[in-house]
Amino acid sequence: FQAEDGIRDLVRSRGLGDVYKRQGEGRVALVFGDAGIGKTRLLRELVEVVSGEDARILRSDVGPLGDSSPLREPVLASLPSGEPEAELGRRLELPAPLATAFLAFLRGRPTPEGVERLAPGIAEGLLARLTLSFADDAPLLWIVDDVHFADAETRRALLYVARALAGRRVLLVASAQPTVDAAFAAALGRLPSFVRVDVGRLSDDEIERLSSQLVGGTTVGAWLGRTLAPRVDGVPFYLVEMVRELERRGHLVRDASGELREGAALASFDVPAALRDLLRSRLSGLSLEERAVLDAAAVEGYEFDPALVARVRGLARLDTLEILGRLERRDGLIHSAARRARFESHLLHEVVYEDLPAALKAETHARFADALEQAPPPGATPGELAALVAPHRIRGPEPERALASVAGAVAELERAGRPEAAVDLARRALALDATKGHARVALLSKLTDGLTTLGRPDEVRAALVEAQAIAAREGLAQATPGLLVLDARRLFVAGEFEACLATSRRALEAGGPG
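Residues numbered from 1 in each chain as written. Predicted model: local features only at pLDDT ≥ 70, side-chain atom pairs only at ≥ 80, totals over all residues. Heavy atoms only, no water.

Observations regarding the pairing of strand β4 (residues 170–176)
(1) Moving on: Within β4, seven of the seven residues are buried, leaving the element largely enclosed by the surrounding structure.
(2) Moving on: Alternating residues of β4 divide into Val170, Leu172, Ala174 and Ala176 and Leu171, Val173 and Ser175, and every residue in both groups is buried.
(3) Moving on: Both strand β1 (residues 27–32) and β4 contribute to a ladder of six bridges, which runs parallel. Paired with leucine 30 across the two strands is alanine 174, which belongs to β4.
(4) Moving on: With five bridges joining them, strand β3 (residues 140–145) and β4 adopt parallel strand pairing. In the sheet register, leucine 140 faces β4, and the bridge partner there is valine 170.
(5) Moving on: For the segment spanning β3, helix α8 (residues 152–164) and β4, crossover handedness is right-handed. (Buried < 20%, exposed > 50% of the residue type's maximum accessible area, 1.4 Å probe, protein only. Helix = DSSP H or I, 4+ residues; strand = E, 2+ residues; numbered from the N terminus. Pairing = 2+ DSSP bridges. Right-handed = clockwise from strand over helix to strand, strands pointing away.)

Laid out in structure tokens, this is it:
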């Protein structure tokens, strides 16, 4: 994974190496990156590095509800169970009433009757002092995972600890997503002991290597990595979950050696339930207005034009940009550039789009088609406009309205290097009863281009068989030469050169003198 060498360097040279070997080198580290990028894995690696040392390790996991117990619980667990109040008094030199009040705070309970409640800030200060007292016994590593979920009290307590650890044998490591409280991150960044470790997304080559490791180093793993790389967007957790789901569904099976091999054929693959639930949880706090704009953006695609989304929603462009700005800064759901924006990941886009009710989805597609026809992009050719409009129109409530432009749209999508989109559009048009006769033969012929590019020879043959049957049944002699040429191409790609030559001769004969 990217940054593993960086975290090891942090552990050995900039962090724990100093913490363990010299006084006065306390550190605060923020491991920063997107959800699922591998931050928790790096923290586990850090714990493994430290586990061989004579050190105390505290672990806090902050949940999405943002309660304050994650910091208190590991500290409380480090106290002797028999006489925790006496231990607090000894370590912090506290009188009994103050030790009782502080113990109630650590346990998350009300202050006992007759004992004065701790004033604001005192509890956090005592928590910092107690934590640092552990470093007098042995070097201390405190891991705080998912600090972006932390509430104000937890953030305040962490800052107390971070500001106090200079000169102590302590390494405080927190992980956070880009949605972490900006003021908190800035306060940490101003500390002289602060170190930031950015965990970037994996490249396609790294995803391929990781996939091979997960599957067992087989060629299937490399193929799977290449196949899934466009959907996982460099996020290791996404890849791991998708491989697990493929195994669960029988598309990958384990052999006697424990390696994964190809099982049932894979035609399509939905987002795994675990990932779907995770991604949905990130959407749960959106307002109705924010969700409506995000839904409309999802209908346009993984990448979208905010100005076009504004027109479809009937909103002012500035209002739409402000909503998208909140979704980017606060939630990390999108990334924007000067003119275009995109979803944080392809899987997030899939979940938002698939969760739309069917009628709303169809109507929104129709509105995109209307908006594009009413105000085409500047300089768009007829073919380029057809490639923009037809995919929306055919998914709308009146898909037949797309048929006049489908042929041009499919050709343009092929020319633009988008064979998957070309095949999808052609298949949707062919599924309509209105696509008959010569128009159906022509569309089946265009379909073979995309299928050939995608390496689907069986589907190419099936499309040609259907087209040839229609041409023979309806007397479309003019279509025969072209269909034979396409069949010859299929045979050539398949390596059947003698059959290819024979079919080419038939095409020439069917074409007549011209």
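Okay, back to it.
Quick look at the sheet that holds strand β10 (residues 341–343)
(1) Moving on: The three strands lie next to each other as β8-β10-β9, forming an open sheet whose pairing is antiparallel. Among the strands making up the open sheet, the edge pair consists of β8 (303–304) and β9 (334–336).

What to know about the pattern of salt bridges
Two side chains that carry opposite charge are able to pair once their charged atoms sit near each other.
(1) Moving on: Taken as a whole, this structure holds 38 salt bridges when the rule is applied.
(2) Moving on: Residue arginine 155 is joined to aspartate 181 by a salt bridge in which the shortest nitrogen-to-oxygen separation is 3.9 Å. A residue pair is termed long-range when its members are at least 10 positions apart, and arginine 155 in helix α8 and aspartate 181 in the loop between β4 and α9 (182–189) qualify at 26 residues.
(3) Moving on: On the accessibility criterion, aspartate 181 (29% relative accessible area) is partly exposed.
(4) Moving on: Where glutamate 398 meets arginine 401, a salt bridge forms, and the shortest distance between an N and an O atom there is 3.4 Å. (Salt bridge = Lys/Arg side-chain N within 4 Å of Asp/Glu carboxyl O.)

What to know about the packing of helix α24 (residues 480–493) against helix α25 (residues 497–511)
(1) Moving on: It is the contact of α24 with α25, at a shortest axis distance of 8 Å, that shows an interaxial angle of 170°. Here α25 runs roughly antiparallel to α24, going by the angle between their axes. In this structure, α24 crosses over α25, and the sense of that crossing is left-handed. On α25, the residues touching Thr480, Pro481, Leu484, Val485, Asp487, Ala488, Leu491 and Phe492 of α24 are Phe497, Ala499, Cys500, Thr503, Ser504, Arg506, Ala507, Ala510 and Gly511.
(2) Moving on: In terms of residue class, the contact of α24 with α25 is made up of eleven nonpolar, four polar and two charged. (Axes fitted to C-alpha atoms, helices over the stretch in contact; angles between N-to-C directions. Parallel < 35°, antiparallel > 145°, perpendicular 65-115°, else oblique. Left-handed = near helix turned anticlockwise from the far one by under 90°. Contact = heavy atoms within 4.5 Å. Nonpolar A, V, L, I, M, F, W, Y, C, P; charged D, E, K, R; others polar.)

Digging into a nonpolar patch on the surface
(1) Moving on: There is a patch of nonpolar side chains on the surface, built from Phe492, Val493 and Phe497 and spanning about 350 Å² of accessible area.
(2) Moving on: Look at valine 493 and you get exposed, because its relative accessible area is 59%. (Patch = residues over 30% accessible without salt bridge, like charges linked within 9 Å, V, L, I, M, F, W, Y side chains within 5 Å. Areas by Shrake-Rupley, 256 points an atom, 1.4 Å probe, with all protein chains shown as cover.)

So far we have only geometry, and geometry alone does not tell us how the molecule works.
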